[in-house]
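Residue-level structure breakdown
Letter by letter, the chains look like this.
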Amino acid sequence: MRRFPVLFGGGVLGLLALSALLAPWLSPVDPTSIDLPNRLLGPGGAHLLGQDALGRDILSRIIHGARVSLFVGVVTVSVSVTLGCLIGAVAGYRGGWLDEVLMRVVDVFLAFPGILLAIALTAVLGPSLNNVILALCIMGWVGYARIVRGQVLLARELTFVEAARATGCSGPRILLRHILPNVMAPVLVEATFGMAGAIIAEAGLSFLGLGTQPPTPSWGAMLAEGADYILFAPHLTIFPGAAILLTVLGINLLGDALRDRLQGGTGGGVLGEAK
Amino acid sequence: MGMFLLRRLTTLIPVLLGVLTAVFLLIHMIPGDPVEVMLGEMALPADREALRVQLHLDQPLAVQYGHYLVGVLTGDLGTSMHSGRPVLEMVAERVGPTFLLTLAAMVVAISVALPLGLISALKAGTAVDHTAMVGALLGVSMPNFWLGPLLLLAFSVHLGWLPLGGLDGPLSFILPAITLGTAMAAILTRMVRASLLEVMDREFVRAALAKGLTRWQVMARHVLANALIPVITVLGLQFGALLAGAIITETVFSWPGLGRLTVEAIQTRDYPVVQGCVMFICLGYLAASLLTDICYAAADPRVRLR
């Protein structure tokens with residue numbers, strides 16, 4: 001039972017990766033193939049999850065949509081982590097005016113709540129998947145920078161860093177070879193949640209018409225298309241949403257398990273029944 | 001407290017300036033000629049020139065920035081390109097519904113999170129705790145642009161209990177508030193639980209129990225007061241997230257708020273209105289964060305000394 005979150009989260013991520021990589025072979029039919037006579041057909045028969053307003057197979061579109069979600073999640077997290085670690089590490093290690101300036105920039109980015117900056121940026125840059133990724137990276141690095149800066153501030157006073165300095169290691173070498181590998185645990189945990197956040201954000205932006213553009217299948221865009229037919233074809237809304245929920249739930253479970261493993265959980269105290 | 005306030009307000013100034021600069025630069029990030037993007041390729045040269053002058057785009061960047069800052073300070077956020085109305089007027093009439101929706105979502109979140117987090121902490125490690133935590137994880141993972149249509153389908157279409165959308169009386173608040181507040185309720189539940197568990201582990205709790213107080217007396221008098229202080233911070237930060245989340249929720253429920261105005265302005269490429277909406281949401285977020293810090297400092301004197 002204790003391993004369930006890891007197994008479920010890992011299973012979901014594995015399934016997502018498999019769908020993304022093998023989408024052309026796994027999908028029953030071409031996700032863009034239109035079949036107007038059978039539009040809005042319910043689940044069952046040859047089309048397991050039914051057909052959408054243009055008669056396209058929903059299962060195939062969900063499988064192909066996994067490509068977009070995984071791509072956005074992986075690219076956004078990779079770029080954000082790299083940028084955030086670099087800026088946070090330099091700010092924390094160098095300190096002084098550079099730290100002050102970088103942290104004020106971070107404060108400005110933090111003043112834009114949640115998805116607002118991404119919406120604003122994709123609104124001006126134009127709706128496209130690339131612009132969604134760019135917008136998510138621009139707002140994504142901030143959290144990692146703060147975490148890494150805090151960790152580096154603590155780590156730079158530790159004995160092993162002093163020892164490295166004493167042996168004549170240069171600043172960048174100490175940072176890259178000694179400090180960063182030792183402060184990555186919280187970053188890894190945050191990156192897991194960041195991936196879930198990026199997948200939801202992409203779906204949200206596509207739902208608003210600012211993300212992936214037709215005919216490329218995307219879970220968020222499928223939900224937006226389904227909203228017009230929710231009264232008589234709710235399957236158009238239910239299945240893509242369930243795909244987002246399961247994916248994000250799986251990744252969050254994995255993140256939780258990772259956090260418990262790397263950073264330790266909380267106790268129950270004398271008032272808790274567990275004790 | 002006075003010094004704390006002054007210090008906090010001083011740190012707010014550069015952030016405020018940064019936000020205003022970022023909002024100003026939005027229009028300049030439009031690829032190509034912003035005027036052509038806004039009016040379309042078929043626009044007459046005279047119309048283009050008029051818009052360029054109206055938006056001060058014919059002047060150097062620094063002068064444009066000066067005009068923008070003066071405009072913000074004097075309440076002139078420009079004019080909507082579609083309705084011709086002042087942006088401030090359009091934004092002002094949409095702030096109320098968004099604020100009320102955000103408040104309703106907070107009420108939903110708090111009324112779910114406090115009892116659930118408390119029970120979960122008291123029964124930590126039991127099936128009740130596991131169920132509550134799975135529920136919280138589901139809430140965090142649930143996209144509001146999916147939850148909203150599902151709630152509409154169940155309670156408005158099939159059961160016919162609640163209105164389909166729009167702002168029309170108290171009943172119309174229920175579904176949008178649940179949609180917007182679910183993720184916050186989930187985050188708060190986890191936070192309340194974690195915070196309670198941490199405080200319950202402290203020495204003063206053991207001391208209170210040793211004095212002979214009952215479990216519930218210790219909870220009510222000592223644990224809750226201490227554990228809920230960090231929750232205030234999360235509440236404040238989440239208020240900002242709710243303001244931004246309202247953009248999607250308002251679209252789902254055709255709610256006449258700031259979020260829907262933002263989406264409508266994006267769809268019609270009415271960039272002065274987009275700028276106005278983004279600026280107002282950010283200011284709301286900053287105000288919430290300032291208020292949170294003040295509440296935090298009032299509740300915990302140690303914060304004022306830092």
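Residues numbered from 1 in each chain as written. Chains lettered and ligands numbered in written order. Predicted model: local features only at pLDDT ≥ 70, side-chain atom pairs only at ≥ 80, totals over all residues. Heavy atoms only, no water.

What about the pattern of salt bridges?
Residue and element names in this part refer to chain A.
- On inspection of all chains with the given rule, the structure shows 18 salt bridges over all chains.
- As a salt-bridge pair, R104 and D107 come within 2.9 Å of each other at their nearest N and O atoms. Residue R104 and its partner D107 are both found in helix α4 (residues 96–110); the two are separated by three residues, about one turn of the helix.
- Across the salt bridge formed by R259 and D256, the nearest N and O atoms sit 2.9 Å from each other. On the criterion of helical spacing, the pair formed by R259 and D256 is a turn pair, its members being three residues apart in helix α11 (residues 235–263).
- In this structure R259 comes out as partly exposed when scored by relative accessible area, which is 30%. (Salt bridge = Lys/Arg side-chain N within 4 Å of Asp/Glu carboxyl O. Helix = DSSP H or I, 4+ residues; strand = E, 2+ residues; numbered from the N terminus. Buried < 20%, exposed > 50% of the residue type's maximum accessible area, 1.4 Å probe, protein only.)

Here we look at unusual backbone geometry
- The omega torsion of the bond from A:P214 to A:P215 falls at 5°, within 30 degrees of zero and hence cis.
- Mapped onto the elements, A:P215 comes out in the loop between α9 (184–207) and α10 (219–227).
- At A:L40, a position not held by glycine, the phi torsion is positive, near 60°.
- Secondary-structure assignment places A:L40 in the loop between α2 (23–26) and α3 (58–94).
- Positive phi, normally seen in glycine, also occurs at B:R269, with a value near 55°.
- Note that B:R269 resides in the loop between α11 (258–267) and α12 (271–299).

A few points about a nonpolar patch on the surface
Residues and elements named next belong to chain A.
- Together, L18, L21, L22, W25 and L26 make up an exposed nonpolar region whose accessible area comes to about 570 Å².
- Mapped onto the nonpolar patch, the elements with two or more residues apiece are α1 (4–21) and α2.
- In this structure, L21 sits in helix α1. (Patch = residues over 30% accessible without salt bridge, like charges linked within 9 Å, V, L, I, M, F, W, Y side chains within 5 Å. Areas by Shrake-Rupley, 256 points an atom, 1.4 Å probe, with all protein chains shown as cover.)

Comments concerning the nonpolar core
- Among the nonpolar cores identified, the biggest contains 153 residues, and A:F112, A:I179, B:L196 and B:V278 are the most heavily contacted of them.
- Per-element tally for this core: the top contributor is helix α10 (residues 215–252) of chain B, with 15 residues.
- Three or more residues apiece are contributed to this core by two domains, here domain 1 (2–74) and domain 2 (95–268 + 278–305) of chain B.
- The contacts of A:I179, once residues within four sequence positions are left out, are A:Y93, A:V152, A:A155, A:R156, A:V161 and A:I174. (Core = buried A, V, L, I, M, F, W, Y, C linked by side-chain atoms within 4.5 Å. Domains from an automatic or database assignment. Contact = heavy atoms within 4.5 Å.)

A short note on the environment of B:G257
Residue and element names in this part refer to chain B.
- Note that G257 resides in the loop between α10 and α11.
- Along the sequence, G257 and A92 sit 165 residues apart, while their C-alpha atoms lie 9.8 Å from each other.
- With residues near it in sequence (within four places) discarded, G257 still touches R94, P97, T98 and E250.

Focus on the packing of aromatic side chains
Residue and element names in this part refer to chain B.
- One pass over the full model with this rule turns up nine aromatic pairs over all chains.
- Look at F155 and W161: their rings are 6.1 Å apart centre to centre, the planes differ by 45°, and that puts the pair in the tilted class.
- Judged by relative accessible area, which is 57%, W161 ranks as exposed.
- Cluster of aromatic residues (ring-pair linked, three or more members): F24, Y65 and Y68. (Phe/Tyr/Trp six-rings, centres within 6.5 Å; stacked < 30°, edge-to-face > 60°.)

Points about the domain arrangement of chain B
All names here are of chain B.
- Here chain B is partitioned into domain 1 (2–74) and domain 2 (95–268 + 278–305).
- For domain 1 and domain 2, the distance between their C-alpha centres works out to 34 Å.
- In this complex, domain 1 contributes 14 residues to the contact, which on the side of domain 2 involves twelve residues.
- Together, the buried faces of domain 1 and domain 2 total about 1,100 Å²; carbon and sulfur atoms form 81% of this surface.
- Along the contact surface separating domain 1 from domain 2 lie one salt bridge. (Buried area = accessible area lost by both parts, 1.4 Å probe.)

A word on empty space enclosed by the protein
- On inspection of all chains with the given rule, the structure shows two cavities of 30 Å³ or more.
- The space that makes up the largest cavity amounts to roughly 50 Å³.
- Lining the largest cavity are A:D52, A:I58, A:R61, A:M222, A:E225, A:G226 and A:L236.
- Those elements that provide at least two residues to the lining of the largest cavity are α3 and α10 of chain A.
- Tallied by class, residues from the lining of the largest cavity come to three nonpolar, one polar and three charged.
- Put simply, the second largest cavity is a space of about 40 Å³.
- B:L162, B:P163, B:L164, B:G165, B:G166, B:L171, B:S172, B:I174, B:L175, B:P176 and B:F253 are the residues that line the second largest cavity.
- Of the residues contributing to the lining of the second largest cavity, the split by class is eight nonpolar, three polar and no charged. (1 Å grid on protein atoms, 1.4 Å probe; cavity = no way out; pocket = protein on both sides within 12 Å on 5 of 7 lines; lining within 4 Å. Points joined across faces, edges and corners; volume = space filled by probe spheres on them. Nonpolar A, V, L, I, M, F, W, Y, C, P; charged D, E, K, R; others polar.)

A few points about the environment of A:I238
- Mapped onto the elements, A:I238 comes out in helix α11.
- Not counting residues within four places of it along the chain, the set of residues in contact with A:I238 comprises B:W146 and B:L150.

Structural notes on α4(A)
- Between the first and last C-alpha of α4(A) there are 21 Å, a value that for 15 residues agrees with the 21 Å anticipated at 1.5 Å per step.
- Along α4(A), the residues classified as buried are A:L98, A:D99, A:L102, A:M103, A:V106, A:D107 and A:V108.
- The inward-facing, buried residues of α4(A) contact α3 and α6 (129–155) of chain A together with α1 (2–26) of chain B. (Expected span 1.5 Å × (residues − 1).)

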